[in-house]
Amino acid sequence: MAEQEADIIGHLLEIERSASTVLSHAQEEAEKRISAAKTQADQEFKAQYDKIVADEEQRFAAETASVTKKYDDDVAAYKERISGAAKDTSSFNKLLDKVLFAS
């Protein structure tokens, strides 16, 4: 009877060792899969991020060019408009006298 119990305990210990080995291999495989999935996700994220950044930089450059052109056009139109204006120096001098020397 004691020999039979020893055989059963020995068999159970062997099953426990096998289960421990299977569990160890499963954990290693899970870690490999998780690492591979993380690497894949990081690569996909970087690709999408780079695409969005490139699109936004292109949009920014186009918008900057548009604003710069409008600014240059507005300044040129203003300069043209004021270049034809007559100068009234006497009125300007009177205004300066009034503002600066008013009591």
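Up top is the structure these notes are about.
Just so it is clear, the model here is predicted, and its values are computed rather than measured.

**Focus: the overall build of the protein chain**
- Along the backbone of the protein chain there are two helices and zero strands.
- Whereas a compact globule of 103 residues would reach a radius of gyration of roughly 13 Å, the protein chain reaches 42 Å, over 25% beyond that.
- By principal-axis analysis of the C-alpha atoms, the protein chain measures approximately 130 × 40 × 10 Å.
- Looking at the protein chain residue by residue over its 103 residues, the buried ones come to 0%.
- Carbon together with sulfur atoms contributes 60% to the accessible area of the protein chain, which is approximately 9,800 Å² in total.
- The centroid of the 14 positive side-chain charges in the protein chain is displaced by 20 Å from the centroid of its 21 negative side-chain charges.

**Regarding the environment of A61**
- Its place among the elements puts A61 in helix 1 (residues 2-83).
- Looking at A61, the relative accessible area reads 45%, which means it is partly exposed.
- Through-space distance from the C-alpha of A61 to that of A36 is 37 Å; in sequence the pair is 25 residues apart.

**Observations concerning a nonpolar patch on the surface**
- On the surface, F92, L95, L96, V99, L100 and F101 cluster together to form a nonpolar patch covering roughly 640 Å² of accessible area.
- Tracing the backbone through its elements, the reader meets V99 in helix 2 (residues 89-101).

**A closer look at the pattern of salt bridges**
- By the definition in use, this model includes eight salt bridges.
- Here K46 makes a salt bridge to D50, at a shortest N to O gap of 3.0 Å. A residue pair is termed a helical-turn pair when its members lie 3 or 4 positions apart in one helix, as K46 and D50 do in helix 1 at four residues.

**Overview of the environment of F60**
- Structurally, F60 can be placed in helix 1.
- Placed 29 residues apart in sequence, F60 and E31 show a C-alpha to C-alpha distance of 42 Å.

Parameters and conventions
- Residues numbered from 1 in each chain as written.
- Predicted model: local features only at pLDDT ≥ 70, side-chain atom pairs only at ≥ 80, totals over all residues.
- Heavy atoms only, no water.
- Helix = DSSP H or I, 4+ residues; strand = E, 2+ residues; numbered from the N terminus.
- Rg over C-alpha atoms; globule rule 2.2 N^0.38 Å.
- Buried < 20%, exposed > 50% of the residue type's maximum accessible area, 1.4 Å probe, protein only.
- Areas by Shrake-Rupley, 256 points an atom, 1.4 Å probe, with all protein chains shown as cover.
- Lys, Arg positive; Asp, Glu negative; His and termini not counted.
- Charge placed at Lys NZ, Arg CZ, Asp CG, Glu CD.
- Patch = residues over 30% accessible without salt bridge, like charges linked within 9 Å, V, L, I, M, F, W, Y side chains within 5 Å.
- Salt bridge = Lys/Arg side-chain N within 4 Å of Asp/Glu carboxyl O.

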